[in-house]
Amino acid sequence: TILATTIPTQSVYIIPHEVLEREKIINDLAAILNVEREKIAARFHIQSKKFVWILRHIAPWQASAITQLNYSGVYVANDMRRFYPLGSLFVHIVGRVDDENNGISGIEVAFDKQLKQLKHPLKLSLSVPVQSVVKEVLDEAKKEFSAKSVYGMIICAKTGRILASYSQSENFDVNPHNNAQDAVNLNTQEVAERGSVFKVIAAATLLDYNIADLETETFCPHAYKIGWHTIHDVDKRSVNCFYTFANGFAKSSNIMHGILMLRAGAQKQVEFFERVGIFDDMKIDGLNVARGLFPAKWSAPACVTATYGHGIATTNAQYL
């Protein structure tokens, strides 16, 4: 599926010193190009003696109409434009080019030289059907919860290939043909505390080091104090109860995971984070991945809060 390609277009320009019927030309161009007269007139005021673009990438019928006017100093030139058939679906990954078709963001800038030299297409791991489903689900959630932004990824666990990566911010123009701003890839550029999803890593740490098995019981008070911190559970109804490891994980117990991680110790916790790549500088072809934020000192409170994703911040890509 083509995500980006270059197509031939036509553009209109003037050579100022050759223009004779300025006002008439401005009026006619504004009508043909469907652009406000003031904007066309402003182009005529640009201080250039040789060459001024009036409008790039116009429709064929517009180019034909302007050519037929046969005005002195007004010309239609063959041009080239980067075209994105799927619009904004992959704009935060594929990126954009400038008016001269030079890559300025995303894959377009990372592989700019190769794209200009290669005779065959550059193929990405992305899947259009998968991306479309992710977009549909997240857009619905964004609307339902009045969210400011949504983002998500699907990565093949066996190969590491990114099959989908969708990112959408509130009131952000993600039209890849609009050169006003770049789309932000929240999956790779947004560093945030991931919250309770980090309990998956905490649970894996505890199981891997045999600190607990599925039947291990842990007494969980209503509130657990460590240093200056007081840890509460997600389920406020839990009062001085015993959790098996399996049940505590299902209930997403902050206290259970924290107590067990203290038994494991900060050294084992940090070692496991290193093994699964949480601290690595992540590399994804063509995409800049922000570095995570981690505790300067792995104290006992930091050890506990990290089990449920507080005090440690990563990108979505890094976590996945």
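**Digging into the packing of helix H11 (residues 254-264) against helix H13 (residues 300-307)**
Right, so step 1: Packing of H11 against H13 leaves a shortest axis separation of 8 Å and a crossing angle of 130°. One element, H11, and the other, H13, form an angle in the oblique class. Along this stretch, H11 crosses H13, giving a crossing that reads as right-handed. Listed contacts from H13 to His257, Gly258, Met261 and Leu262 of H11 are Ala300, Cys303, Val304 and Thr307.
Right, so step 2: Here the contact of H11 with H13 is composed, by residue class, of 5 nonpolar, 3 polar and no charged.

**Considering the pairing of strand S4 (residues 149-155)**
Right, so step 1: Direction of pairing for S4 relative to strand S5 (residues 162-169): antiparallel, over a ladder of 7 bridges. Bridge pairing in S5 places Ser149 opposite Ser169.
Right, so step 2: Here S4 hands over to S5 after 6 residues, with Gly160 in that stretch at a positive phi of 80°.

**Quick look at the nonpolar core**
One broad trend across soluble globular proteins is that nonpolar side chains are buried collectively.
Right, so step 1: Ranked by internal contacts, the top residues of the largest apolar core, which has 19 residues, are Leu29, Leu33, Ile40, Phe44, Ile54 and Ile66.
Right, so step 2: With 6 residues, helix H1 (residues 22-33) is the largest single contributor of residues to this core.
Right, so step 3: With sequence-adjacent residues up to four places away left out, Phe44 is seen in contact with Ile14, Val19, Arg22, Ile25, Ile26, Leu29 and Ile54.
Right, so step 4: Ala212, Ile259, Met261 and Ala264 belong to the second largest nonpolar core, which has 18 residues in total.

**Digging into the side chain of Asn101**
Right, so step 1: The topology assignment puts Asn101 in the loop between helix H4 (91-94) and helix H5 (106-110).
Right, so step 2: A polar side-chain atom of Asn101 sits 3.1 Å from the main-chain carbonyl oxygen of Met80.
Right, so step 3: Asn101 has contacts with Thr6, Met80, Arg81, Arg82, Asp112 and Lys116, leaving out every residue within four places of it along the chain.

**Here we look at the pattern of salt bridges**
Right, so step 1: Across all of its chains, the model carries 9 salt bridges by this definition.
Right, so step 2: The salt bridge partner of Arg37 is Glu23, with a shortest N-O separation of 2.2 Å. In this pair, Arg37 sits in helix H2 (residues 37-44) while Glu23 sits in helix H1, placing the two residues 14 residues apart along the sequence.
Right, so step 3: Overall, the relative accessible area of 31% leaves Arg37 in the partly exposed class.
Right, so step 4: Glu23 sits in the partly exposed class, given a relative accessible area of 46%.
Right, so step 5: Where Arg275 meets Asp208, a salt bridge forms, and the shortest distance between an N and an O atom there is 2.8 Å. Of this pair, Arg275 sits in helix H12 (residues 266-275) while Asp208 sits in helix H9 (residues 199-208), placing them 67 residues apart in sequence.
Right, so step 6: Taking relative accessible area as the criterion, Arg275 reaches 52% and is therefore assigned exposed.
Right, so step 7: Counted as one network, the salt bridges with shared partners bring together Arg56, Asp79 and Glu100.

**Some words on the sheet that holds strand S3 (residues 74-83)**
Right, so step 1: Taken in spatial order, the 3 strands make up an open sheet running S2-S1-S3, and their pairing is antiparallel. A single partner strand is all that each edge strand has here, and the edge strands are strand S2 (52-58) and S3. This sheet shows a mean twist of 30° between the axes of neighbouring strands, independent of strand direction.
Right, so step 2: Relative to S2, strand S1 (residues 5-14) is paired through 4 bridges, and the arrangement is antiparallel. By the bridge assignment for S2, Val12 is matched with Leu55.
Right, so step 3: Where H1 meets the sheet, it contacts S1, S2 and S3, and its direction lies at approximately 20° from that of S2.

Analysis parameters
Residues numbered from 1 in each chain as written. Predicted model: local features only at pLDDT ≥ 70, side-chain atom pairs only at ≥ 80, totals over all residues. Heavy atoms only, no water. Axes fitted to C-alpha atoms, helices over the stretch in contact; angles between N-to-C directions. Helix = DSSP H or I, 4+ residues; strand = E, 2+ residues; numbered from the N terminus. Parallel < 35°, antiparallel > 145°, perpendicular 65-115°, else oblique. Left-handed = near helix turned anticlockwise from the far one by under 90°. Contact = heavy atoms within 4.5 Å. Nonpolar A, V, L, I, M, F, W, Y, C, P; charged D, E, K, R; others polar. Pairing = 2+ DSSP bridges. Core = buried A, V, L, I, M, F, W, Y, C linked by side-chain atoms within 4.5 Å. Buried < 20%, exposed > 50% of the residue type's maximum accessible area, 1.4 Å probe, protein only. Polar contact = N/O pair within 3.5 Å; in protein donor to acceptor, adjacent residues only side chain to side chain. Salt bridge = Lys/Arg side-chain N within 4 Å of Asp/Glu carboxyl O.

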